[in-house]
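Secondary and tertiary structure notes
One-letter residues, chain by chain:
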Amino acid sequence: MPELPEVETIRRDLEKLLPGQIIKDVEIGAAKLIKEPGVREFKRRIKNKKIKGVRRRGKLLIIELSAGFLTCHLKLTGQLIYGEKDNKAKIGFLLSGGKYLNFNDLRLFGEIRLVDDWRNLLQIRRMGPEPLEADFTFETFKGMLEGKKSRIKPLLMDQAFIAGVGNLYAAEALFRSGIHPARTVNTLKPKETEELFLHIKGVLKEGIKYRGSSVDDYRDASGKKGFFASRLQVYGREGESCSRCKAKISRIKTGGRSSYFCPKCQK
DNA sequence: CGGGGCTCCTGTGCGC
DNA sequence: TGCGCACAGGAGCCCC
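What counts and what doesn't
- Residues numbered from 1 in each chain as written.
- Chains lettered and ligands numbered in written order.
- Predicted model: local features only at pLDDT ≥ 70, side-chain atom pairs only at ≥ 80, totals over all residues.
- Heavy atoms only, no water.
- Near = heavy atom within 4 Å.
- Polar contact = N/O pair within 3.5 Å; in protein donor to acceptor, adjacent residues only side chain to side chain.
- Nonpolar A, V, L, I, M, F, W, Y, C, P; charged D, E, K, R; others polar.
- Helix = DSSP H or I, 4+ residues; strand = E, 2+ residues; numbered from the N terminus.
- Contact = heavy atoms within 4.5 Å.
- Domains from an automatic or database assignment.
- Buried area = accessible area lost by both parts, 1.4 Å probe.
- Salt bridge = Lys/Arg side-chain N within 4 Å of Asp/Glu carboxyl O.

Around DNA strand B sit K32, L106, R107, L108, F109, K148, K149, S150 and R151, and that is every residue in its neighbourhood. Protein-proximal atoms of DNA strand B, defined as those within 4 Å of the protein, fall in sugar or phosphate at a share of 68%. Measuring from a phosphate oxygen of DNA strand B, one finds a backbone N or O atom of K149 at 3.2 Å. Of the residues in the surface near DNA strand B, the class split is three nonpolar, one polar and five charged.

As structure tokens, this is what we get:
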């Protein structure tokens, strides 16, 4: 599932490929993915727009056009792959260089929008801080946790709390911090809060360094897998031995989602 | 404010 | 062996 490191990897790839090219045409195989504006209007307005840059906010990929922005949310199974025409692609953008930007999406949860200003999107206005930006400091993080009574794992996955963290990186950050996923925030000791702050940043940076984790369908902009999956210590490893203490990795539900953790290392 | 449950969708994998 | 169903998950939404 694409989270911040996966989307950032795609962004960096596309930033090298797209700027300067013009969107000549769009082929729409799954109209439901186009959320805004209507499909006809989308087709009409996207044509002949020049690509100026590629940005990211949280898990949202933002392609800056000569007028307006094309935003893509990959959700669970979305892929943005640059290359030849792909007949399986749900949406295919034909570019002036002759190549295609293919949007694949097995489960059709993805969301594509053409908007005047991405900053006005409700999901953006609600979105919490970027965890890898300099202004996301320990002081900021402490302040954000103050007065909260929720369990830590669903909170980390809440995009309004922190942008870009999903199930996988939340699980790994909590493992590295020795914090049980069902712990309530108000029971965290100062030392644990500090560990968590450092490991959120650490695990996300490492995810980017290894070009993301291809547990399921994630691929980079060239269609290649990331390398981070083999470095996962708890996510998807139920029943396997903990790399630190050899206890068996457990799985519980928090906020309706699977949470993998080591029952011995995480309290 | 918090938490649970449902919804969208479809390939995978388990149980019978 | 083969079928059918539960499950997975990001995020919005409803409800208590």
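What follows deals with the protein's contact with DNA strand C. Taken together, 17 residues sit near DNA strand C, with K59, L76, R251, K253 and R257 positioned nearest. When the atoms of DNA strand C within 4 Å of the protein are sorted by group, sugar and phosphate make up 57%. A distance of 3.2 Å separates a phosphate oxygen of DNA strand C from a polar side-chain atom of Q159. In the model, a base nitrogen of DNA strand C is placed 2.6 Å from a nitrogen or oxygen of the R257 side chain. Looking at the surface near DNA strand C, the elements that each hand over two or more residues are α3 (122–126), β10 (250–254) and β11 (257–261). Along the lines of polarity and charge, the residues of the surface near DNA strand C split into five nonpolar, five polar and seven charged.

Mapping M1 onto the fold places it in the segment before α1 (4–17). Linking M1 and G166, residues 165 residues apart in sequence, is a C-alpha distance of 8.2 Å. If near-sequence neighbours (up to four positions away) are discounted, M1 is found in contact with E6, L76, L168, D216 and Y235.

This part covers the domain arrangement of chain A. Here chain A is described as being made up of domain 1 (4–125) and domain 2 (138–261). Look at where the C-alpha atoms of domain 1 and domain 2 centre, and you get two points 28 Å apart. Counting each side, the surface lost to burial between domain 1 and domain 2 is near 1500 Å², with a carbon and sulfur contribution of 61%. Summed over the three residues of domain 1 that lose the most area to domain 2, namely P5, E6 and T9, the buried surface amounts to 32% of that side. Across the domain 1-domain 2 interface, the total number found is one salt bridge. R211 is the partner of D13 in a salt bridge, and the nearest nitrogen-oxygen pair spans 2.8 Å. Across the contact surface, domain 1 and domain 2 share six residue pairs in polar contact (both at pLDDT 80 or more). Elements that contribute at least two residues to the side of domain 1 that touches domain 2 include exactly α1 and β6 (78–83). The element that contributes the greatest number of residues to the side of domain 1 that touches domain 2 is α1, accounting for nine residues.

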